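Summary of structural features
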Amino acid sequence: MELKYSKITVCKSSQLAMDYKTVVALAILFLSTVSSARVLPLPIIAKPDGVVNVFDNSKYGLLQLSNGLAQTPQMGWNSWNFFACNINESLIKETADALVSSGLADLGYNYVNIDDCWEAPTRDIKGQLVPDPKTFPSGIKALADYVHGKGLKLGIYSSAGVFTCQVRPASLFHENDDAATWASWGVDYLKYDNCFNLGIKPIDRYPPMRDALNATGRTIFYSLCEWGEDDPALWAGNVGNSWRTTDDINDTWASMTTIADLNDKWAAYAGPGGWNDPDMLEVGNGGMNYLEYRSHFSIWAIMKAPLLVGCDVRNMTTETFEILSNKEVIAVNQDPLGIQGRKVQVFGTNDCLQVWAGPLSGTRFAVVLWNRCLESGTIKVSWESLGLESSTIVSVRDLWKHEDVVTDAVSSFGVTVDAHSCEMFVLTPKVPHSRV
Ligand SMILES: *[C@@H]1O[C@H](CO)[C@@H](O)[C@H](O)[C@H]1NC(C)=O
Ligand SMILES: *[C@@H]1O[C@H](CO)[C@@H](O)[C@H](O)[C@H]1NC(C)=O
Ligand SMILES: *[C@@H]1O[C@H](CO)[C@@H](O)[C@H](O)[C@H]1NC(C)=O
Ligand SMILES: *[C@@H]1O[C@H](CO)[C@@H](O)[C@H](O)[C@H]1NC(C)=O
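Residues numbered from 1 in each chain as written. Chains lettered and ligands numbered in written order. Predicted model: local features only at pLDDT ≥ 70, side-chain atom pairs only at ≥ 80, totals over all residues. Heavy atoms only, no water.

**Some remarks on the site of ligand 2**
Neighbouring ligand 2 are the residues Ser66, Asn67, Asn214, Gly217 and Arg218. Interatomic distance of 2.6 Å between a side-chain N/O atom of serine 66 and an oxygen atom of ligand 2. A distance of 2.3 Å is found between an oxygen atom of ligand 2 and a side-chain nitrogen or oxygen belonging to asparagine 214. When the free accessible area of ligand 2 is taken as 370 Å², the share hidden by the protein chains comes to 52%. Partitioned by chemical class, the residues of the shell around ligand 2 number no nonpolar, four polar and one charged. (Near = heavy atom within 4 Å. Polar contact = N/O pair within 3.5 Å; in protein donor to acceptor, adjacent residues only side chain to side chain. Areas by Shrake-Rupley, 256 points an atom, 1.4 Å probe, with all protein chains shown as cover. Nonpolar A, V, L, I, M, F, W, Y, C, P; charged D, E, K, R; others polar.)

Right under this line is the structure:
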């Protein structure tokens, strides 16, 4: 057992229960190295077998892609979920303008990512990628300059195949040329899709682009999108800055909840430098109601998922903006400890009353009480599920009401949650008097 790469890298899963105290001790030691704040001597109890360990990041890769990016999950916007192929340079510019004027850019949404359909149908005579002359007549370099001028970053898209999903030229066997082209345009981010892949394994198709991007000398965020097919959490830590864990999201409650559960499985593999990616946000696209979108955003935030807005930010409703601009929820997502929150307790019919939780810096915890049932219900988080002694005194802040609700909770905390809604909290345990 040892601290490596400034992360907690202890304990095989078979030893989880046994080593829990050590993990917590190391977590607290780790916190003491990253913040000058005094470390709280929390009373921590051993976990019974079968209980989720919210601190477990034992599978977090030792060889994270060392391009310096993704110390916290990426934030920004992507064109696909709302616009699909209906994109052009005016839209991208207006989106950059709207990110700034709405205030979203100041909250951290800084990548402006163009998805599929930016390219002309064929490469040029020299074999280089070219932007579609009808929709991007000024070229991507001019667009990157514009976006950079707003203090934002520009992302682009290709596939680790012979065509993109919308059958434009793609980058398999053209990795070095294409990476050099994007770098010369000033591109900051690549989403690399999985269409037309000739049946070659992802583990063989994705590393060449990592090396090609690196060889350009330009720091470019590398977002793998192989749809979770080959369990990328197992191998992508030293390949990309994030990896999709699932098939594409769609703007429905069924899709969002399914994807959240699939992504949860890989929680122990995420950390600074490389994140599980359950796909982009649908908040604001109309297929779910306000409370469902609030659940979507809260769960993505606590899961340390990329927060890539997928709606038309030029035309957001007040409710959409309220969700996307919740600073306290964003702060959970961007917390420097970088441990993915996970499902820790379930109750009710089909386990539809759920507690999701994860540790934060400063020996705090983020907790989402998520009601996936068709009726309202009471959901309670027990201290035991967080690894705390029942007697620990905890103060509780509500991140949607923006208020401190209790200062002296012991043993557990519960509230009534509406159907398909969630409530989100930060829990701060107090120093026991005897230890002060
Ligand atoms: C650019 O795309 C937007 C969004 O699809 C569309 O509303 C607009 O008409 C397009 N502009 C041009 C010049 O094609
Ligand atoms: C290239 O990779 C090396 C080794 O991992 C890393 O130190 C360097 O920062 C990378 N450069 C870029 C531009 O990503
Ligand atoms: C959306 O996703 C759900 C769950 O994966 C699936 O059942 C449904 O068919 C999808 N809907 C569309 C329109 O793709
Ligand atoms: C703005 O969004 C509303 C729905 O919220 C829609 O009815 C309207 O057509 C949109 N306006 C534009 C210009 O896209």
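Read on, since the account is not over.
**Topic: the pairing of strand S16 (residues 403-409)**
As defined by bridge partners, strand S15 (residues 394-398) adjoins S16 across four bridges and the pair is classed as antiparallel. From the neighbouring strand, valine 394 faces S16, where its bridge partner is alanine 409. As consecutive antiparallel partners, S15 and S16 are separated by four residues, and within that stretch histidine 402 has a phi angle of approximately 60°, a positive value. (Pairing = 2+ DSSP bridges. Helix = DSSP H or I, 4+ residues; strand = E, 2+ residues; numbered from the N terminus.)

**Here we look at the pattern of salt bridges**
This model, assessed by the stated rule, comprises 19 salt bridges. One salt bridge in this structure joins lysine 150 and aspartate 97, with 3.1 Å as the shortest N-O distance. Taken together, the positions of lysine 150 in the loop between helix H4 (139-149) and strand S5 (153-159) and aspartate 97 in helix H3 (residues 89-102) put the pair 53 residues apart, joining distant regions of the chain. We classify aspartate 97 as partly exposed; its relative accessible area is 26%. Between lysine 201 and aspartate 230 there is a salt bridge, with its nearest N and O atoms 3.8 Å apart. Of the two residues, lysine 201 is situated in the loop between strand S6 (189-193) and helix H6 (202-205) and aspartate 230 in the loop between strand S7 (221-224) and strand S8 (242-244); the sequence distance between them amounts to 29 residues. Judged by its relative accessible area of 31%, aspartate 230 falls in the partly exposed class. (Salt bridge = Lys/Arg side-chain N within 4 Å of Asp/Glu carboxyl O. Buried < 20%, exposed > 50% of the residue type's maximum accessible area, 1.4 Å probe, protein only.)

**Focus: the side chain of asparagine 333**
If you trace the backbone, asparagine 333 turns up in helix H11 (residues 327-333). A residue is classified by how much of its surface remains accessible, and asparagine 333, at 0% relative accessible area, is buried. In this structure the side chain of asparagine 333 is engaged in a polar contact, spanning 3.3 Å, whose partner is the backbone oxygen of alanine 301. Asparagine 333 has contacts with Pro73, Trp300, Ala301, Lys304, Ala305 and Leu307, leaving out every residue within four places of it along the chain. (Contact = heavy atoms within 4.5 Å.)

**What to know about the sheet that holds S5**
Whether parallel or antiparallel, the strands of a sheet pair through hydrogen bonds between backbone atoms. Read from one edge of the open sheet, eight strands run S9-S8-S7-S6-S5-S4-S3-S10, paired in parallel fashion. Looking at which strands have only one partner, the edges of the open sheet turn out to be strand S9 (275-277) and strand S10 (307-309). Taking the axes of each pair of neighbouring strands and ignoring which way they run, one obtains an average angle of 25° across the sheet. The pairing of strand S3 (residues 75-78) with strand S4 (residues 111-113) spans three bridges and is classified as parallel. (Axes fitted to C-alpha atoms, helices over the stretch in contact; angles between N-to-C directions.)

**So, the state of the cysteines**
The tally for this structure, following the rule as stated, stands at three disulfides. With its sulfur 1.9 Å from that of its partner, cysteine 165 forms a disulfide with cysteine 195. Between cysteine 165 and cysteine 195 the sulfur-sulfur dihedral comes to about 95°; the bridge is accordingly right-handed. In this pair, cysteine 165 sits in the loop between S5 and helix H5 (175-185) while cysteine 195 sits in the loop between S6 and H6, placing the two residues 30 residues apart along the sequence. (Disulfide = S-S within 2.5 Å.)

**Section: the sheet that holds strand S12 (residues 353-360)**
Taken together, the six strands give an open sheet; going across it, the order is S11-S12-S13-S18-S15-S16, and neighbouring strands pair in antiparallel fashion. At either margin of the open sheet sits one strand with a lone partner, and together these are strand S11 (342-347) and S16. Neighbour-to-neighbour, the strand axes of the sheet open up by a mean angle of 25°, direction not taken into account. Packed on one face of the sheet, helix H8 (residues 253-264) meets S11, S12 and strand S13 (364-371) and runs near 140° to S13.

**Here we look at the site of ligand 3**
Residues in close proximity to ligand 3 include Asn250, Thr252 and Ser255, which together make up its full environment. At 2.4 Å, a side-chain N or O of asparagine 250 approaches an oxygen atom of ligand 3. Taken by itself ligand 3 offers 360 Å² of open surface, and the protein chains cover 31% of this.

**Observations regarding unusual backbone geometry**
Across the chain, the bulk of peptide bonds are trans and the bulk of non-glycine residues have phi less than zero. If you check the backbone angles, aspartate 279 has positive phi at about 90° while not being a glycine. In this fold, aspartate 279 is placed in the loop between S9 and helix H9 (290-302). A residue is classified by how much of its surface remains accessible, and aspartate 279, at 3% relative accessible area, is buried.

**Considerations on the nonpolar core**
Tyr109, Trp118, Trp182, Tyr222, Phe297 and Trp300 are the most contacted members of the largest nonpolar core, which has 86 residues in total. With seven residues, the single largest contributor to this core is H9. Setting aside residues no more than four positions away along its own chain, tryptophan 300 makes contact with Ile249, Met256, Ile259, Ala260, Pro278, Asp279, Leu281, Ala305, Pro306, Leu307 and Asn333. (Core = buried A, V, L, I, M, F, W, Y, C linked by side-chain atoms within 4.5 Å.)

**Description of H3**
Taking 1.5 Å of rise per residue, 14 residues should cover 20 Å, and H3 covers 20 Å from first to last C-alpha, within 8% of that figure. Residues Glu89, Leu91, Ile92, Thr95, Ala96, Ala98 and Leu99 constitute the buried set of H3. Its side-chain oxygen placed 3.1 Å from the backbone nitrogen of serine 90, asparagine 88 serves as the N-cap of H3. One or two positions beyond H3, positive phi appears at glycine 103, with a value near 95°. (Expected span 1.5 Å × (residues − 1).)

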